[in-house]
Amino acid sequence: MQLLNTTLKNNVLQTMAEILDRERDAIIAANKKDLDAFQLEDHALFQRLIVNHKKVDEMITAVNTVREQDDPVGREISNLTLANGLNVVNSTAPFGTILIIYESRPDVTIEAAVLAFKANNKILLKGGKEAYHSNVILEQCWHEALTTHGLSKAWIKLLHLKREETQAFLKNPSEPLDLIVPRGGERLINFVKTHATCAVLVSGRGNNFLYVSEHADWSKAVNVIINSKTHKISGCNALDKVLINKNLPEYHLKLKMLQQKLEQHDVELIVDPKVSNVLSEQEVISDTSIWKEEFLALKLLIGEVNSLDEAVNLINTHSGKHSAAIITENQDEALKFMQQVDSAAVYHNASTRFTDGGQMGVGAELAISTDKLHHRGPLGLNQLVTNKYYVFGNGHVRV
């Protein structure tokens, strides 16, 4: 696709925000069709599917926020004039065509597209069938905004493909793909990695851990655990596992206090055999594979550890490498934990729920990347560009 000037892109986004506001009742009505047709017993997936007036307001805010951000394309990264007179300029450039595959969440149809478009990328949107009606009307809104300013609808396009058709498309795409972002569970990610023939940037599962040190402020620990677990269970930044150091003062009493607090929030507890010695009435781990499971439910696993090193080893072995937190008043211990844990975001005395583009100052996000190339963490506007070298000579030849 051609390079668009910033003013034109911003005008499209201004129009899009106005269309979303104008069509909000129709968008919510279309979403109701999806909600009424939803038949899976998956509470988290259902919650992510809901579009109400608050959600439409958030879509409009996302579009306006990106419109107000600086254009990430064409920024000079470096400019060197070599001894031989060659001028070598490294600048940001669009990826080209991005494919994002996601489940439920119609708001991704807005956030992913607004980021891709502002960064001058074409985007193909493969939403889940459970959000069909919602996504169709949002695509119509995009197409009206584009055509109002004389641009092709091809900039933003929904793919209506079944699973087998998606597999075939990944193996032999009908148009060049430069980047694929799978945004979903382990099965989706493995599916894309298996069949893709271009770069894949993984938006990984959560399965986030929190470690309570023997040097923790217990009140902070309880508040952070409750917020991380119960604030939004469908979020990939929600808490799944808590590791508590057995040397914590009044360890047995505090375990029982935590149990009572979590039960007040209807959180189902699972414990390892050591914690079971204290919380004997709770379900005990029967299959160690649960350590790798992302719950997306009011469910929490509590385990006992002897040291920081044991906690770090457990986290690096089992977590989704998304978010991890330590609760401690010892700054040196916190720094060691944060340096050694292999996660996209690491926290000291704070909830994992802050792993979010808007909360971390990035703005709207395409996904949370758990890969290490080319970016890790929230994929915002500035992360949806690559780079290109412009080399200026005057008949230069290499000798």
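Along each chain, the written sequence defines residue order, and numbers are assigned to residues from 1. The predicted nature of this model means local features are confined to residues of pLDDT at least 70 and side-chain atom pairs, given and counted, to a pLDDT of 80 or more, with totals for whole chains, interfaces and linings taken over all residues. To get the side-chain values, all heavy atoms of the structure are used, and hydrogens and water are removed first.

Draft legend 1. Structural detail: the sheet that holds strand S16 (residues 385-392). Two strands pair under a simple rule: DSSP has to find at least two bridges between them. Here a strand is any run of E in DSSP of at least two residues, a helix any run of H or I of at least four, and the numbering for each starts at the N terminus. Overall, antiparallel pairing links the three strands, which are arranged S1-S2-S16 in an open sheet. A strand with exactly one partner marks an edge of an open sheet, and here the two such strands are strand S1 (76-81) and S16. Across the sheet, the mean angle separating the axes of adjacent strands is 20 degrees when strand polarity is ignored. In terms of strand pairing, strand S2 (residues 87-94) meets S16 through eight bridges, oriented antiparallel. When the sheet's bridge partners are listed, Ser91 is paired in S16 with Lys388. Interaxial angle, 0 to 180 degrees, is taken between N-to-C directions of lines fitted to C-alpha atoms, where a helix line uses only the stretch in contact.

Draft legend 2. Region of the structure containing the nonpolar core. Within the largest apolar cluster, 53 residues are counted, with the highest numbers of intra-cluster contacts made by Leu20, Ile100, Phe117, Ile123, Ile156 and Leu366. For this core, the element with the highest residue contribution is helix H5 (residues 107-118), accounting for eight residues. Throughout, a contact is declared for two residues whenever any of their heavy atoms are within 4.5 Å. Each residue touching Leu366, except ones within four places of it in the same chain, is listed here: Ile100, Ala112, Leu115, Ile123, Val181, Arg183, Leu379 and Leu384. The next biggest cluster of nonpolar side chains, apart from the first, holds 29 residues, and it includes Val242, Val275, Ala325 and Ile327. The set of buried Ala, Val, Leu, Ile, Met, Phe, Trp, Tyr and Cys residues whose side-chain atoms join them within 4.5 Å is what this entry labels a nonpolar core. Here the term buried applies to any residue with accessible area under 20% of the maximum for its type, exposed to any over 50%, and partly exposed to those in between, with areas from a 1.4 Å probe on protein chains only.

Draft legend 3. Main features of the pattern of salt bridges. A pairing counts as a salt bridge when a side-chain nitrogen of Lys or Arg comes within 4 Å of a carboxyl oxygen of Asp or Glu. Tallying each qualifying case throughout the model produces 19 salt bridges. Among the ionic pairs, Lys321 bridges to Asp342, the shortest N-O distance being 3.4 Å. Of this pair, Lys321 sits in the loop between helix H12 (308-318) and strand S12 (323-327) while Asp342 sits in the loop between helix H13 (331-340) and strand S13 (345-348), and the two are 21 residues apart along the sequence. If you follow the salt bridges from partner to partner, you end up with Lys54, Lys55, Glu58, Arg105 and Asp107 in one network.

Draft legend 4. Main features of the environment of Lys388. Locating Lys388 in the fold gives a position in strand S16. Judged by its relative accessible area of 42%, Lys388 is partly exposed. For the pair Lys388 and Ser91, spaced 297 residues apart in sequence, the C-alpha to C-alpha distance is 5.5 Å.

Draft legend 5. Here's a closer look at the sheet that holds strand S5 (residues 156-158). One open sheet holds the four strands; their spatial order is S5-S4-S3-S6, and the pairing between them is parallel. Only two strands of the sheet have a single partner each, and these edge strands are S5 and strand S6 (179-183). Between one strand axis and the next, the sheet turns by 15 degrees as a mean value, whatever way the strands run. Across five bridges, strand S3 (residues 97-102) lies against S6 in parallel orientation. When the bridges of S6 are listed, Tyr102 appears paired with Arg183. Packing against the sheet, helix H6 (residues 132-148) makes contact with S3 and S5, and its axis sits at approximately 155 degrees to S5. Against the sheet, helix H7 (residues 163-171) engages S3, strand S4 (122-126) and S6, with an angle of about 155 degrees to S3.

Draft legend 6. Molecular detail of the side chain of Asp34. Here Asp34 is to be found in helix H2 (residues 24-37). Within the structure, the side chain of Asp34 is placed 2.6 Å from the side chain of Ser134, a separation counted as a polar contact. Setting aside chain neighbours within four positions, we find Asp34 in contact with Leu49, Glu130, Ala131, Tyr132, His133 and Ser134. Under this definition, polar contacts are N or O atom pairs within 3.5 Å; protein pairs additionally need one hydrogen-donor-capable and one acceptor-capable atom, and for neighbouring residues in sequence, both atoms have to be side-chain atoms.

Draft legend 7. View of the packing of aromatic side chains. A pair of Phe, Tyr and Trp rings is counted when the ring centres sit within 6.5 Å of each other, with Trp represented by its six-membered ring. The angle between the planes then sorts it: under 30 degrees is stacked, over 60 is edge-to-face, the rest tilted. This model, assessed by the stated rule, comprises four aromatic pairs. The interplanar angle of 90 degrees and the centroid separation of 5.8 Å between the aromatic rings of Phe117 and Trp155 together place this pair among those described as edge-to-face. Separated by 38 residues along the polypeptide, Phe117 in helix H5 and Trp155 in the loop between H6 and S5 bring together distant segments of the chain. The pair formed by Phe117 and Trp155 is uniform in burial state, with each residue classed as buried.

Draft legend 8. The arrangement of H2 in detail. Helices are assigned an expected span. That span is 1.5 Å times one less than the residue count. Helix length check: H2 (14 residues) gives 20 Å between terminal C-alpha atoms against 20 Å at 1.5 Å per residue, within 8%. Those residues of H2 lying buried are Arg24, Ile27, Ala30, Asn31, Asp34 and Leu35. With its buried residues spanning 150 degrees around the axis, H2 presents them on a single face. In this structure, H2 carries Asp25, Lys33 and Asp36 as exposed residues pointing more than 90 degrees from its buried face. Read the arc as the range of directions from the helix axis to the C-beta atoms.

Draft legend 9. The arrangement of the side chain of Asp240 in detail. For Asp240, the location among the structural elements is in strand S8 (residues 239-245). In this structure Asp240 comes out as buried when scored by relative accessible area, which is 2%. Polar side-chain contacts of Asp240 include one of 3.1 Å to the backbone nitrogen of Phe295. Other than its neighbours up to four places away in sequence, Asp240 contacts Gly206, Asn207, Asn208, Lys229, Glu293, Glu294, Phe295, Leu296, Lys299, Leu300 and Leu301.

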